[in-house]
Amino acid sequence: MIQVIYHKLTSNILHIGLVILLTFSTTLNAQEGDPAKGKTLFNTNCAACHKLDKKMTGPALRNVEQRLADDEGLDREWLNAWIRNSAGMVKSGDAYANKIFNEYGGAAMTAFPTLTDQDITDILAYTAAEPEAKPEVAVATGQPTQATEDGISNKLILGALALLFALLAMALILVRKTLNRFAEAKGVDIAKDKSLPIWKAFAENQFLVLVTTIFFLLASAYFVYGYLMQIGVDQGYQPVQPIHFSHKIHAGDNGIDCKYCHSSARVSKTSGIPSLNVCMNCHKSVYEYTGETTAKYDKAFYDGEIQKLYAAAGWSDADQKYTGEAQPVKWVRIHNLPDFAYFNHSQHVSVAGVECQTCHGPVEEMEEVYQYSPLTMGWCIDCHRKTEVKVKDNAYYTKIHEQLSKKYGVDKLTAAQMGGLECGKCHY
């Protein structure tokens, strides 16, 4: 009798355990996945349109499986079908699929039929994970301390040297007074210096006056000429722009090609200022800065500049759509040649293959862009004299290179040998 009761009790416990396991299987499925693998899959397939905690082109996906189960009664099978073929579910008339489709402006979600059940499980495990704590940036506090310490130590050294010289001067004065007293006590007569003052002796020497006058005239002419030659030369010019655009982050850290933004440099005279639509190609999704910061440029500063971009472009980050209230950005021009000088970007960039850094310097290292080169006539001529024209695989130069190389008896031609020093090339 006891054995029968024991077997029945054991059987009931097993059945109850099985029911509980099936009941919570939907919740536990996301936890069975690998969040690390899920993060990789999420960044590869989902991050272009989704963030975990922010609405973008698509909805936020933090705890998406649990939220759909609690709010809509949808299970894992529905999620698998939606991820693999959302368009098919919309066409089938699924109520929630059509609700999401209409809520996000009829934008069709990309289908991912190649994702396995385990892949989706890993992705959902990543969305169910707790948010990672953002590490505090130590750079902002370390560098200023070092700079302050260096500044204090330099001031101490300068102060000590100044005090030393003051004491030395006082000592010399005291020594002189002491020697004069000794001389008076011994009855020594100190001869008075009856020589003329230096300025008077100089004024009476006509030769010295003539030489000095010529020297000052030549020196004045030299400095006046040097000053006049700097007029219109703005090397080092670095204006403050209405929106802080960091070339170091875009061209350096992110490796964006210069000609992606300045696309007209390939085909026209000017490189052009990119429209805000070019910026918004990326910044619809990049709404905050997550890279390295400094004491001067912290995360809050960069995020604020992105908000300035949104305001100028008329973009509502909360609604993920344009408001139509765009504002012009009054960029300050940095590189500006005189009107009488002709320069064609496409001739140098597309035909000659000159790198942007040749004239503009290491822009990928510049937080704020400044004029790197003097852009003077002498600087351009010197470049034309030294730069060899790239003729390999460049049909533009084939015929003229064959003719001029024979004329000059060289294998490679410089821009100067191809007419780069003719006045009409730049002044017309």
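### Thoughts on the overall build of the protein
Part 1 of the reasoning: Broken down by element type, the protein carries 21 helices and two strands.
Part 2 of the reasoning: Counting the 428 residues in the protein, one finds 24% classified as buried.
Part 3 of the reasoning: Within the protein, counting contacts between residues at least 6 apart in sequence, those at least 24 apart form 64% of the total.
Part 4 of the reasoning: Accessible surface, the protein as shown: approximately 30,300 Å² in total, 61% of it carbon and sulfur.

### Some remarks on unusual backbone geometry
Part 1 of the reasoning: One non-glycine residue with positive phi stands out, namely asparagine 63, at about 55°.
Part 2 of the reasoning: Tracing the sequence through the fold places asparagine 63 in the loop between α3 (35-45) and α4 (64-71).
Part 3 of the reasoning: A relative accessible area of 33% places asparagine 63 in the partly exposed class.
Part 4 of the reasoning: You will see that glutamine 320, though not glycine, has its phi angle at about 55°, which is positive.
Part 5 of the reasoning: Along the chain, glutamine 320 falls in the loop between β1 (315-316) and β2 (321-322).

### Topic: the packing of aromatic side chains
Part 1 of the reasoning: Enumeration according to the criterion identifies ten aromatic pairs in this entry.
Part 2 of the reasoning: With a centroid separation of 5.6 Å and an interplanar angle of 10°, the aromatic rings of tryptophan 78 and tryptophan 82 are classed as stacked. With tryptophan 78 and tryptophan 82 both in helix α5 (residues 76-84) and four residues apart, the pair spans about one turn of that helix. The burial state of tryptophan 78 is the same as that of tryptophan 82; both residues are buried.
Part 3 of the reasoning: Between lysine 54 and the ring centre of tyrosine 287, over which it is positioned, the NZ or CZ distance is 4.5 Å.

### A short note on the side chain of aspartate 122
Part 1 of the reasoning: Tracing the chain through its elements places aspartate 122 in helix α8 (residues 117-128).
Part 2 of the reasoning: Buried charged residue aspartate 122 carries no salt bridge. Nearest counter-charge: lysine 37, at 5.5 Å.
Part 3 of the reasoning: Those residues in contact with aspartate 122 that lie beyond four places of it in its chain are Gly33, Asp34, Pro35, Lys37, Gly38 and Leu41.

### Points about the environment of valine 329
Part 1 of the reasoning: Tracing the backbone shows valine 329 in the loop between β2 and α16 (345-351).
Part 2 of the reasoning: The spacing of valine 329 and lysine 308 is 21 residues in sequence and 9.7 Å in space, taken between C-alpha atoms.
Part 3 of the reasoning: If we ignore the near neighbours within four places in the chain, the residues touching valine 329 are Pro242, Ile243, Leu276 and Ala312.

### Looking at helix α7 (residues 95-103)
Part 1 of the reasoning: Within α7 the residues assigned to the buried category are Tyr96, Ala97 and Ile100. Across the axial projection of α7, the buried residues extend over an arc of 105°, all falling on one side. For α7, exposure combined with an orientation more than 90 degrees from the buried face picks out Ala95 and Asn102.
Part 2 of the reasoning: Against the buried residues of α7 lie α4, α5 and α6 (86-91).
Part 3 of the reasoning: Capping of α7 at its N-terminal end is provided by aspartate 94; its side-chain oxygen lies 3.2 Å from the backbone amide nitrogen of tyrosine 96.

The rules behind the values
Residues numbered from 1 in each chain as written. Predicted model: local features only at pLDDT ≥ 70, side-chain atom pairs only at ≥ 80, totals over all residues. Heavy atoms only, no water. Helix = DSSP H or I, 4+ residues; strand = E, 2+ residues; numbered from the N terminus. Buried < 20%, exposed > 50% of the residue type's maximum accessible area, 1.4 Å probe, protein only. Contact = heavy atoms within 4.5 Å. Areas by Shrake-Rupley, 256 points an atom, 1.4 Å probe, with all protein chains shown as cover. Phe/Tyr/Trp six-rings, centres within 6.5 Å; stacked < 30°, edge-to-face > 60°. Lys NZ or Arg CZ within 6 Å of the ring centre and 35° of its normal. Lys, Arg positive; Asp, Glu negative; His and termini not counted. Salt bridge = Lys/Arg side-chain N within 4 Å of Asp/Glu carboxyl O. Arc of directions from axis to C-beta. Polar contact = N/O pair within 3.5 Å; in protein donor to acceptor, adjacent residues only side chain to side chain.

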